[in-house]
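# Residue-level structural notes
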Amino acid sequence: MTTMTDASTRFREFKMPDVGEGLTEAEILKWYVQPGDTVTDGQVVCEVETAKAAVELPIPYDGVVHELRFDEGTTVDVGTAIITVDVAPGSGPAEEPAPPAAAGPAVAGSESASQSASRSGAAVADDEAETGVKEKPAGRQPVLVGYGVAESSTKRRPRKGTSAPGQAQPTAQAEAAAAVQAEMNGHGTAAPAAPRPLAKPPVRKLAKDLGVDLATVVPSGPDGIITRDDVRAAVAPAQAPTPVAAPEPVAAEAAAAPSGSAVAGARETRVPVKGVRKATAQAMVGSAFTAPHVTEFVTVDVTRTMKLVEELKADKDMAGLRVNPLLLVARALLVAIKRNPEVNAAWDEANQEIVLKHYVNLGIAAATPRGLIVPNIKDAHDKTLPQLAEALGELVSTAREGRTTPAAMQGGTVTITNVGVFGVDTGTPILNPGESAILAVGAIKLQPWVHKGKVKPRQVTTLALSFDHRLVDGELGSKVLADVAAVLEQPKRLITWV
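Quantities reported herein were computed from a predicted structural model and do not represent experimental measurements.

### Some details on the overall build of the chain
- Each helix and strand counted, the chain has 13 helices and 21 strands in total.
- Taken over 498 residues, the chain has a buried fraction of 42%.
- A separation of at least 24 residues holds for 64% of the contacts in the chain among residues at least 6 apart in sequence.
- Here the chain has roughly 25,700 Å² of accessible surface; of this, 55% comes from carbon and sulfur atoms.

### Observations concerning the environment of Ser466
- Mapped onto the fold, Ser466 is located in strand E21 (residues 454–468).
- The class for Ser466 is buried, based on a relative accessible area of 0%.
- C-alpha separation for the pair Ser466 and Pro429, spaced 37 residues apart in sequence, amounts to 6.2 Å.
- Within the structure, Ser466 has its side chain in polar contact with the side chain of Thr295 (distance 2.6 Å).
- A distance of 2.8 Å separates the side chain of Ser466 from the backbone oxygen of Pro429, its partner in a polar contact.

### Focus: the nonpolar core
- Among the nonpolar cores identified, the biggest contains 50 residues, and Leu327, Leu333, Leu362, Ile416, Leu439, Leu463 and Val484 are the most heavily contacted of them.
- Within the residue set of this core, elements represented by two or more residues are helix H9 (303–313), helix H10 (325–339), strand E14 (362–364), helix H11 (385–400), strand E18 (414–418), strand E19 (437–441), E21 and helix H12 (474–489).
- A per-element tally of this core places H10 first, with 11 residues.
- Among all residues touching Leu463, those that are not within four sequence positions of it are Glu296, Phe297, Val298, Val300, Thr426, Leu439, Ala440, Val441, Leu481, Val484, Ala485 and Leu488.
- Ile28, Val65, Val76 and Ile83 belong to the second largest nonpolar core, which has 21 residues in total.

### A short note on the pairing of E19
- In terms of burial, E19 is largely enclosed, as 5 of its 5 residues are buried.
- Neither face of E19 is left uncovered, since the one carrying Ala437, Leu439 and Val441 and the one carrying Ile438 and Ala440 both have all their residues buried.
- In the sheet, E18 pairs with E19 via 5 bridges, with the strands oriented parallel. By the bridge assignment, Thr415 is partnered in E19 with Ile438.

### Structural notes on a nonpolar patch on the surface
- Taken together, the side chains of Val421, Phe422 and Val424 present a nonpolar region at the surface, about 300 Å² in accessible area.
- Along the polypeptide, Val424 turns up in the loop between E18 and E19.

### Observations regarding the side chain of Arg69
- Mapped onto the fold, Arg69 is located in the loop between strand E6 (63–68) and strand E7 (75–77).
- Within the structure, Arg69 has its side chain in polar contact with the side chain of Glu13 (distance 2.5 Å).
- In this structure the side chain of Arg69 is engaged in a polar contact, spanning 3.3 Å, whose partner is the side chain of Thr84.

### What to know about unusual backbone geometry
- With a phi close to 50°, Gln352 is a non-glycine residue in the positive phi region.
- Relative to the helices and strands, Gln352 is located in the loop between strand E12 (345–348) and strand E13 (353–356).
- The class of Gln352 is exposed, set by a relative accessible area of 54%.

### Some remarks on the pattern of salt bridges
- Inspection of the entire model under this criterion finds 10 salt bridges.
- Lys313 is the salt-bridge partner of Glu310, the closest N and O atoms lying 3.7 Å from each other. Of this pair, Glu310 and Lys313 both sit in helix H9, 3 residues apart, roughly one helical turn.
- Residue Glu310 is classed as partly exposed on the basis of its relative accessible area of 49%.
- Each of Glu13, Glu67 and Arg69 takes part in one network of salt bridges that share partners.

### Quick notes on the environment of Ser287
- Here Ser287 shows up in helix H8 (residues 275–288).
- Considering only alpha carbons, one finds Ser287 and Ile430, 143 residues apart in sequence, at a separation of 7.2 Å.
- Beyond its immediate sequence surroundings of up to four residues, Ser287 is in contact with His293, Ile430, Leu431 and Pro433.

### Focus: the packing of H10 against H12
- Where H10 contacts H12, the two axes come as close as 8 Å, and the packing angle between them is 135°. Classed by the angle they form, the pair H10 and H12 counts as oblique. The way H10 lies across H12 gives a crossing that is right-handed. Two secondary-structure elements touch here, H10 through Leu328, Val329, Ala332, Leu333, Val335, Ala336 and Arg339 and H12 through Val480, Asp483, Val484, Val487 and Leu488.
- Among the residues making up the contact of H10 with H12, the classes are represented as 10 nonpolar, no polar and 2 charged.

### Let's talk about the sheet that holds E6
- One open sheet accounts for 4 strands, arranged E1-E8-E6-E3; its pairing is antiparallel. At either margin of the open sheet sits one strand with a lone partner, and together these are strand E1 (11–15) and strand E3 (38–39).
- Pairing geometry for E1 and strand E8 (residues 81–86), over 5 bridges, is antiparallel. Counted as the bridge partner of Lys15 is Ala81 from E8.

### Considering a positive patch on the surface
- A cluster of like positive charges, contributed by Lys307, Lys452, Lys454 and Lys456, occupies part of the molecular surface.
- Here Lys307 lies in helix H9.

### Some remarks on H8
- The end-to-end C-alpha distance of H8, which contains 14 residues, comes to 20 Å, matching closely the 20 Å that a straight helix rising 1.5 Å per residue would cover.
- Considering only its buried residues, H8 is in contact with strand E4 (44–49), strand E11 (293–301) and strand E16 (371–373).

### Side note on the confidence of the model for the chain
- Per-residue confidence for the chain gives a mean pLDDT of 77, with 70% of residues at or over 70.
- Counting contacts from residues 1–5, a segment whose pLDDT is below 50, to residues more than four positions away or on other chains yields 7 contacts.
- The low-confidence segment residues 96–170, where pLDDT is below 50, has 137 contacts with residues more than four positions distant or belonging to other chains.

### Considerations on the sheet that holds strand E2 (residues 25–31)
- Spatially, the 4 strands line up as an open sheet ordered E5-E4-E2-E7, and their pairing is antiparallel. With one partner strand each, in any of the chains shown, strand E5 (54–58) and E7 form the two edges of the open sheet. In this sheet, adjacent strand axes meet at a mean angle of 40° when their direction is disregarded.
- In terms of strand pairing, E2 meets E4 through 4 bridges, oriented antiparallel. When the bridges of E4 are listed, Trp31 appears paired with Cys46.

What counts as what
- Residues numbered from 1 in each chain as written.
- Predicted model: local features only at pLDDT ≥ 70, side-chain atom pairs only at ≥ 80, totals over all residues.
- Heavy atoms only, no water.
- Helix = DSSP H or I, 4+ residues; strand = E, 2+ residues; numbered from the N terminus.
- Buried < 20%, exposed > 50% of the residue type's maximum accessible area, 1.4 Å probe, protein only.
- Contact = heavy atoms within 4.5 Å.
- Areas by Shrake-Rupley, 256 points an atom, 1.4 Å probe, with all protein chains shown as cover.
- Polar contact = N/O pair within 3.5 Å; in protein donor to acceptor, adjacent residues only side chain to side chain.
- Core = buried A, V, L, I, M, F, W, Y, C linked by side-chain atoms within 4.5 Å.
- Pairing = 2+ DSSP bridges.
- Patch = residues over 30% accessible without salt bridge, like charges linked within 9 Å, V, L, I, M, F, W, Y side chains within 5 Å.
- Salt bridge = Lys/Arg side-chain N within 4 Å of Asp/Glu carboxyl O.
- Axes fitted to C-alpha atoms, helices over the stretch in contact; angles between N-to-C directions.
- Parallel < 35°, antiparallel > 145°, perpendicular 65-115°, else oblique.
- Left-handed = near helix turned anticlockwise from the far one by under 90°.
- Nonpolar A, V, L, I, M, F, W, Y, C, P; charged D, E, K, R; others polar.
- Lys, Arg positive; Asp, Glu negative; His and termini not counted.
- Charge placed at Lys NZ, Arg CZ, Asp CG, Glu CD.
- Expected span 1.5 Å × (residues − 1).
- pLDDT = per-residue confidence, 0-100.

And the structure:
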């Protein structure tokens, strides 16, 4: 029989790493391995989504996958074990030590014995329902091979036998609390000897969110484990309309709402806030209620800029590069920052300082299948026009393919958002946290415009500049926006102003 010491060496846990700076959680998007698969050091085992990027995680061990701790779609805290690898698969079968017969499943839970012992009454019953841990006398807590008494395991095993004489029994207080909970769920008095439902933590959470008592769910998974589909199937009958004298559709809809998935005939669908959407929401709320925003607008004739775009497309020095109006808008903003360097700054609240930056990491807001991200071009101020075009093209293609790294989205100083691609005239953009300004570019449209004393059709767009009023006064913000417009109206200023 494998000893606990041997098992602790044999089974290695790989924990969710911090793949960015200061990230606290990540969602498991896809597993590339399954239990029983052989893995090698450096092999990618899963793809996770952090605050803004999808990242592949390599395993640092050789061995055989013993257990996947979480299902795809689960958000996991950094530092939590997500996969267990048997690094010595040839040393014999991985067997669980035979525990004393018990009234409940002998599984080490996600809380330590000292934490469980601190609970009482209904809290004890609730803890047992969530983790499958029943309080044991000191020295009698059974464990799964390879995990130890303080580690967690999402695996649940079938109930074995009945309690033996002298075996620790549930406290009367815990039994009473469980009975009360069962009555509240409408399932009668709970029998002390009834087997506890087997389900992984994500499934238990789903059942809790949907108000489903796992004791009433028929399991379809291996070894009698309850799956997500089992829980959803248990919800379906409850959501079916029942004939009553006075139907209350509002109440029925409210009961169905927490499911998180569309139900036939439902008027609302609830979607969990996580991943990119969660990060974007936190960043925008933090920015909007931290930095006092001011937005200014200007409408400008960009006909000459559009002609220059066409000429550059035919230029051999720009062959193979992405040439579009955004490229010249980016160059115009860089020129404006060079003429007004005070706008390129950050507010340090902790030290009560304004940090003037002598470099420009130019952010470009990009809409991707996973949501809005803002990667930036490092040291954009030092790049030639062809180099800027190359960097811009690579940034956009990488974002669309979902390969943008967290590092590419850190350290930005100012940002451009091109809302014109959606046919929008302009907007009031919110600052990317830590940045001083953001320029919105509207749609370029053919409009009547007074040119050389006559009304002519010209290509016109509207620019909007939002800036942090703690850093940027109205005069400075106006100068920056006016300079960008002047360059786009007369592109020759790209030469004369540099």
